[in-house]
Amino acid sequence: MANVIKITKGLNINLKGKAAAQVSAAPASQVYGLVPDAFWGMKPKVVVKEGDEVKAGDALFVNKQHPEVKFVSPVAGKVKLVERGDRRKVLSVQVEAAAQQAYVDFGKKDVKSLSGEQVKEALLESGLFGFFIQRPYAVVADPNDAPKGIFVSAIADMPLAADIDVVMKGNEADFQTGISALAKLAKVYVGVKPDSALANIQDAEVNVFKGKCPAGNVGVQINHINPVNKGEVVWTIGAEEVVFIGRLFNEGKVNLTRTIAVAGSEIKEPQYKQVLVGAKIGDIVAGNVKTDTKVRLIDGNPLTGMKTDENAFLLAHSTEVTAIPEGDEANELFGWIAPRFKNFSVSRSYFSWLLPKSREYVLDARVKGGHRHMIFSGEYDSVFPMDIYPEQLVKAIIAGDIDRMEALGIYEVAPEDFAVAEFVDSSKVELQRIVREGLDMLRKENE
Amino acid sequence: MGLKKILDNLKPTFSEGGKLSAFGSLFDAAETFFFVPNETAKVRGAQIHDAIDSKRSIFFVVIALIPAILFGMYNIGYQHALVTGGCTPDACPCADLWGNFLYGLAVMLPKIVVSYAVGLGIEIAVAQWKKEEVHEGFFVTGILIPLIVPVNCPLWILALATAFAVIFAKEVFGGTGMNIFNPALVTRAFLFFAYPSMMSGDKVWVNGNYIDCINGAPAVDAVSCATPLGQLAAGEEVIATPMQTIIGTIPGSIGETSVIAILIGAVILIWANIASWKIMLSTFVGGALMAYFLRYDGAQNFEWWEQLTVGGFCFGAVFMATDPVTSPRTEGGKWIFGFLIGAMAIIIRVLNPGYPEGMMLAILLMNVFAPLFDYFFVQANINKRAKRAKK
């Protein structure tokens, strides 16, 4: 029987437009793009030239510090453009898809007979190693590290997030193969929700997490199972990315097909779409976005995602594309006293606490208040289910006090762990940005 | 929308380079007073936000103060009628609700206006100088100040004390959210030490001399009335009954007398989750325990629990100790903070003959210690982490 861990702190935000459990394939994009920024903490070195022919699984760029970590093309075709921004920063490497898909053959392998080194070799070669995120610093993993554990969260509880049950349907065997492969590298921990079909997974320690968002965050799970200490490294990887690994060994090819949720109040028919990593956002949401208001498209969920647009490419780790009203023309009168029935708030100065929990809200992208110093205490704490003082940690980061950041547990967190706190904050502090900067600052200092 | 258009048209005039750019932060304040800012989330970070902001939270504190304000106004008139009308508390004319209230309103209004004008004036000037938005923190401070000063504190002294508090207790630290001491209490402390004749704490001046047009009472010079705490300190019999101290028909600072009005405010604050119930509860527990241990031996007709109903105890526990900025940030720290405020306030009252009222000093003292209480809890977390790493 799996260990059950109860998470008491947190907040579920019930947004309108959850994806219905129907899955269909999105129309193929003409051009796919791999965005290096999705693999945070890595300097890309582009290894293809415009005009090169690539197969799905051929490297497009590598990690400059660790050239063995490759990032591969999701499709076969011709390299169309290496898009660069200021100071020649690589924004994306775009591949024009060929009519016939061809895959690099990595060879089917029986995971059981492989050693840890062989598994790592296969993951590096196929570009799937790049999907590992390490803690500390929440950056692309370093293949020379020996992690004390690999953590997989099979819970997606962020608002509008793709339901793991839908995503995993039909992928169970590949998931198991992937977990077995990871188990060759380090001890694997899988966090699942109560009554999950994945609870019977082999070769991993399974923990059941009960509780509100962000109980599904892998960082929260690590903190409860086996917290990261200074000098230790753990790797995390998304549940669907484990499936990619399983496919590599079962099929012998890199198949980056995801089942993502297309959801949100401004999506006409919220549903699931099968897409390739790097697909054009416009193709994924084609004809499915409401046009009566100004819409904000988000790559990811509304708490941790990133504003995107129809011409951008689906980021490598994204499990959903969501659409909410932009809201910049709302002009709400007397926000400090009006009842504002349509708004959602943890504060009981609004009425959302009286309304049934099943009520769904349409929230727009407004910040809904002026930026202040942290005034009210305990706000972050009530939605931050880790044994860490979030406010004190954020203040240490703002002050640039490295020793104090370390002492307060910065090695255990990623920006996403502060997403719910950022939502409830009445002082409207950009917590995720601050934590990101703190992690980058610390990494620079320690390297 | 008409108003929005007017504001939008005016905006360039008040913006950088406009004719009236010197009043830019005042314009900003007005704009955000009318409309929720339309600023949307950045590219990265949370794309949606809770509807709560500091403006709304802070205005809910003002709402919670309304019962105390209204009762305070009534009580000014009532106390005035008691000393000028020559009636007793049982006599009917003194229960002239509207007359008393209007009298109190007329006394109170200039204080509120002066407090806000001076405080907000400084805040707006500082915001303009720092090129920041005006922070709304003073909306609470500005109404708290008139509530905790004596009834006929001269307006110029009030203005001086307010200016002192806003500049030296708040702005020099960096404004709302950065101050160490509760600015409203600093105002009172300033009066207490700079103009001790105004508020020694044992007697309050019942207003009598400058507004007598409302009820036509004969003009008398200000009359001093002993508060229950003053009587205790002097070793006299306390005249007020528990019923009177709970309802609040006793002399005292304007907002502090009515336990009922303050508790209504407490309910609003706790319900809206704006003030910490932990601080309130632990303050009362600390005060009650200390009052019980230091109770009078029966020579005075004063039960130990009545300590909690007189003076500024309730007002301090509900509206002053719970100031989120100057109280501890950790939940554990809040328990200790409140407990020690309650205990310290009673210790000062009972054991120190010089100061009949101890609430203000207890809270200011604990404001200093708040970071220390946090330190214990945060350090425990740090030690735990360090120990775990060594294993």
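Rules behind the numbers
- Residues numbered from 1 in each chain as written.
- Chains lettered and ligands numbered in written order.
- Predicted model: local features only at pLDDT ≥ 70, side-chain atom pairs only at ≥ 80, totals over all residues.
- Helix = DSSP H or I, 4+ residues; strand = E, 2+ residues; numbered from the N terminus.
- Rg over C-alpha atoms; globule rule 2.2 N^0.38 Å.
- Buried ≥ 20, exposed ≤ 12 C-beta atoms within 10 Å, placed from the backbone.
- Contact = placed C-beta atoms within 7 Å.
- Domains from an automatic or database assignment.
- Pairing = 2+ DSSP bridges.
- Axes fitted to C-alpha atoms, helices over the stretch in contact; angles between N-to-C directions.
- Expected span 1.5 Å × (residues − 1).
- Nonpolar A, V, L, I, M, F, W, Y, C, P; charged D, E, K, R; others polar.
- pLDDT = per-residue confidence, 0-100.
- Left-handed = near helix turned anticlockwise from the far one by under 90°.
- Parallel < 35°, antiparallel > 145°, perpendicular 65-115°, else oblique.

A. A look at the overall build of chain A. Helix and strand content of chain A: 10 helices and 20 strands. Computed over its C-alpha atoms, the radius of gyration of chain A comes to 21 Å, within 12% of the 22 Å expected for a compact globule of 447 residues. Put simply, chain A has 447 residues, and 56% of those count as buried. Nonlocal contacts in chain A, meaning residues at least 24 apart in sequence, comprise 70% of its contacts between residues at least 6 apart.

B. Spatial organisation of the domain arrangement of chain A. Residues and elements named next belong to chain A. Structurally, chain A comprises domain 1 (1-28 + 105-327) and domain 2 (29-104). Between domain 1 and domain 2, the C-alpha centre-to-centre distance is 21 Å. On the domain 2 side, the residues contacting the 27 residues of domain 1 number 27 residues. Every element with two or more residues in the side of domain 1 that touches domain 2 is listed here: α1 (116-126) and β11 (139-140).

C. Structural context of the pairing of strand β8 (residues 77-84) of chain A. All names here are of chain A. Of the pairings in the sheet, the one linking strand β5 (residues 53-54) to β8 comprises two bridges and is antiparallel in character. Note on β8: the bridge partner recorded for Val54 is Gly77. Taken together, the seven bridges between β8 and strand β9 (residues 90-97) define a ladder with antiparallel strand orientation. From the neighbouring strand, Val82 faces β9, where its bridge partner is Val93. Joining the antiparallel neighbours β8 and β9 is a turn of five residues, in which Arg87 adopts a positive phi near 50 degrees.

D. Representation of the sheet that holds β11 of chain A. All names here are of chain A. One open sheet accounts for seven strands, arranged β1-β14-β13-β12-β15-β10-β11; its pairing is mixed. Here the strands that pair on one side only, and so sit at the sheet edges, are β1 (3-7) and β11. Docked against the sheet, helix α4 (residues 218-225) engages β1, β10 (133-135), β12 (149-153), β13 (188-192), β14 (205-211) and β15 (234-236), running at close to 130 degrees with respect to β12.

E. Quick peek at the environment of Ile270 of chain B. Residue and element names in this part refer to chain B. Inspection of the secondary structure assignment puts Ile270 in helix α10 (residues 259-271). Given 18 C-beta atoms within a 10 Å radius, Ile270 is considered partly exposed. Ile270 sits 237 residues away from Phe33 along the chain, and the two C-alpha atoms are 25 Å apart. In contact with Ile270, other than residues within four places in its own chain, are Ala275 and Trp277.

F. Geometry of helix α13 (residues 331-351) of chain B. Taking 1.5 Å of rise per residue, 21 residues should cover 30 Å, and α13 of chain B covers 30 Å from first to last C-alpha, within 8% of that figure. Taken across its 21 residues, α13 of chain B has 15 buried, putting it largely inside the fold.

G. Representation of the environment of Met359 of chain B. All names here are of chain B. One can find Met359 in helix α14 (residues 359-390). Overall, the presence of 31 C-beta atoms within 10 Å leaves Met359 in the buried class. In the structure, Met359 is positioned 47 residues away from Gly312 in sequence and 6.2 Å away in space, judged by C-alpha atoms. When residues no more than four places from it in sequence are discounted, the contact partners of Met359 are Gly311, Gly312, Phe313, Gly316 and Ala345.

H. Representation of the interface of chain B and chain A within the structure. Counting residues at the interface gives 47 residues for chain B, matched by 64 residues for chain A. Considering only residue class, the side of chain B that touches chain A consists of 21 nonpolar, 14 polar and 12 charged.

I. Spatial organisation of unusual backbone geometry. Residues and elements named next belong to chain A. Here the residue pair Arg135 and Pro136 is connected by a cis peptide bond, since its omega of 5 degrees sits within 30 degrees of zero. Counting through the fold element by element, Pro136 comes out in the loop between β10 and β11. Cis geometry marks the peptide bond from Cys213 to Pro214; its omega dihedral reads 10 degrees. Along the polypeptide, Pro214 turns up in the loop between β14 and α4.

J. Just the pairing of strand β20 (residues 320-325) of chain A, in detail. Residues and elements named next belong to chain A. By the criterion of burial, β20 is predominantly enclosed, with six of the six residues buried. Taking every second residue as pointing to the same face, both faces of β20 are buried, with Glu320, Thr322 and Ile324 on one and Val321, Ala323 and Pro325 on the other. When strand β18 (residues 295-299) meets β20, the two strands line up antiparallel, connected through five bridges. By the bridge assignment, Leu297 is partnered in β20 with Ala323.

K. Spotlight on the confidence of the model for chain B. Of the residues in chain B, 86% reach a pLDDT of 70 or more, and the chain-wide mean stands at 82. Of the regions scoring below 50 in pLDDT, residues 207-222 of chain B engages in 35 contacts with residues more than four places distant in sequence or in other chains.

L. Focus on the sheet that holds strand β4 (residues 44-46) of chain A. All names here are of chain A. If you walk across this open sheet you meet the three strands as β4-β6-β7, and the pairing is antiparallel. Whereas interior strands pair on both sides, the edge strands pair on one side only; in this sheet they are β4 and β7 (70-72). Adjacent strand axes in the sheet meet at a mean angle of 30 degrees when their direction is disregarded. Bridge count between β4 and strand β6 (residues 59-63): three bridges; the pairing is antiparallel.

M. Here's a closer look at helix α5 (residues 138-147) of chain B. Counting buried residues along α5 of chain B, nine of its 10 residues qualify, which places the element largely inside the surrounding structure. Considered for burial, the residues of α5 of chain B that qualify are Phe138, Val140, Thr141, Gly142, Ile143, Leu144, Ile145, Pro146 and Leu147 of chain B.

N. The arrangement of the packing of helix α4 (residues 97-130) of chain B against α5 of chain B in detail. All names here are of chain B. It is the contact of α4 with α5, at a shortest axis distance of 8 Å, that shows an interaxial angle of 145 degrees. As for the relative orientation of α4 and α5, their crossing is right-handed in sense. Contact residues: α4 offers Met108, Lys111, Ile112, Ser115, Tyr116, Gly119, Leu120 and Glu123, while α5 offers Phe138, Thr141, Gly142, Ile143, Ile145 and Pro146.

O. Inspection of the packing of helix α7 (residues 390-399) of chain A against helix α10 (residues 431-446) of chain A at higher detail. Residues and elements named next belong to chain A. One can describe the packing of α7 onto α10 by two numbers: an axis separation of 9 Å at closest approach and a directional angle of 60 degrees. Viewed along their axes, α7 and α10 adopt a mutual orientation that is oblique. Between α7 and α10 lies a crossing whose hand is left-handed. When α7 is examined against α10, the residues Val394, Ile397 and Ile398 are found in contact with a partner set consisting of Leu431, Ile434, Val435, Glu437 and Gly438. Residues belonging to the contact of α7 with α10 are distributed by class as follows: six nonpolar, one polar and one charged.

P. Summary view of the environment of Thr293 of chain A. Relative to the helices and strands, Thr293 of chain A is located in the loop between α6 (281-284) and β18. In this structure, the C-alpha to C-alpha distance between Thr293 of chain A and Phe209 of chain A, residues 84 residues apart in sequence, is 38 Å.

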